[in-house]
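# Structure at a glance
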Amino acid sequence: ADEGGVGVLARRARRGAGMRLLALERDDVAPAALDRGDHADGLVLVLEPRALLDMGRVCLAKGDTVEARRLILESLAERRMPADRAGIVLVLGWLAVIAEAGGDRARAARLFGAADSIRQSFNLPAAPLKRVDPRGMMADARVRLQDSSLDGAWAEGRAFTLDRAVHYAQGN
């Protein structure tokens, strides 16, 4: 294997060294994934949705909201509905943070409202914020959105179905 690249990453992924990568046989991967993955020795490495989310959070912490949004939206696209409802709720929350950081407070309120409603409707536990938001970015954004002028937007988001929330998050 290539000692400086994919082979090392594949071994790290198998050892669980904090890497969340899937090593797949090239023939088992959809053509679209081949464009996103790293290739070597007939293997394709594709980032899992959680790794994409984590990378998006790092970009957000560094102030790169464009790249953060791209990665987090890719994480959303890779999640399997309806099986990964908890992950989708988490992604909606992070997309709300990005919207709020970009000044689109109404969009942020809708996304937070949708995330809250979906979490409650499927009896999903609230993720411990210390684990999913160690810098407090999500909590801070929620506090900044506590404004009566945003009640309507928050209520709109709470009325979204899971499918509607995902489409809205994707910009549709």
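Parameters and conventions
- Along each chain, numbering runs from 1 in the same order as the chain's sequence is written.
- Side-chain atom pairs in this predicted model are given and counted only at pLDDT of 80 or more, local residue features only at pLDDT of at least 70, and totals for whole chains, interfaces and linings cover all residues.
- Water and hydrogen atoms play no part in the side-chain values, which are based on all heavy atoms of the structure.
- The axes used here are C-alpha line fits, helices contributing only the stretch in contact, and every angle between their N-to-C directions lies in the interval 0 to 180 degrees.
- Working definition: helices are DSSP H or I runs of at least four residues, strands are E runs of at least two. Numbering for both runs from the N terminus.
- Angles are sorted into four bins: roughly parallel if under 35 degrees, roughly antiparallel if over 145, roughly perpendicular if 65 to 115, and oblique for all others.
- Crossing handedness is defined as follows: a turn of the near helix away from the far one that is anticlockwise and smaller than a right angle gives a left-handed crossing, while the clockwise case is right-handed.
- For this analysis, residues touch if any pair of their heavy atoms sits within 4.5 Å.
- Here the term charged refers only to Asp, Glu, Lys and Arg, the term nonpolar to Ala, Val, Leu, Ile, Met, Phe, Trp, Tyr, Cys and Pro, and the term polar to all other amino acids, Gly among them.
- Classification of ring pairs rests on two measures: the distance between centres of Phe, Tyr or Trp rings, Trp counted by its six-membered ring, which must be within 6.5 Å, and the angle between planes, read as stacked under 30 degrees, edge-to-face over 60 and tilted in between.
- Here's how the labels work: a residue is buried when its accessible area is under 20% of the maximum for its type, exposed when over 50%, partly exposed in between, all with a 1.4 Å probe on protein chains only.
- Geometrically, a lysine NZ or arginine CZ counts as sitting over a ring once it is within 6 Å of the ring centre and also within 35 degrees of the ring normal.

## Quick notes on the packing of helix H6 (residues 105–121) against helix H8 (residues 137–144)
With their axes 10 Å apart at the nearest point, H6 and H8 run at an angle of 115° to one another. With respect to their mutual orientation, H6 and H8 come out roughly perpendicular. Seen along the crossing, H6 lies across H8 with a hand that is left-handed. Here Arg 105, Phe 112 and Asp 116 of H6 lie close against H8, whose contacting residues are Met 138, Ala 141, Arg 142 and Arg 144. A per-class count over the contact of H6 with H8 returns three nonpolar, no polar and four charged.

## With respect to the packing of aromatic side chains
For any pair of aromatic rings, the description rests on two quantities: the centre-to-centre distance and the angle between the ring planes. By the definition in use, this model includes two aromatic pairs. Between Phe 112 and Trp 154, the aromatic rings sit 6.0 Å apart at their centres with planes inclined by 20°, giving stacked as the arrangement. Here Trp 154 lies in helix H9 (residues 151–158) and Phe 112 lies in helix H6, a separation of 42 residues in the sequence. Trp 154 matches Phe 112 in its accessibility class, with the two residues each being buried. In this arrangement the basic side chain of Arg 107 is found over the ring face of Tyr 168, its NZ or CZ atom lying 4.3 Å from the centre.

## What to know about the packing of helix H5 (residues 85–101) against H6
Interaxial distance between H5 and H6 falls to 8 Å at its minimum, and their mutual angle equals 165°. Relative to H6, H5 is oriented roughly antiparallel. Regarding H5 and H6, the two cross each other, and that crossing is left-handed. Residues Val 89, Leu 92, Gly 93, Leu 95, Ala 96, Val 97, Ala 99 and Glu 100 of H5 touch H6, and the partners they reach there are Arg 107, Ala 108, Leu 111, Phe 112, Ala 115, Ile 118 and Arg 119. Tallied by class, the residues present in the contact of H5 with H6 amount to eleven nonpolar, one polar and three charged.

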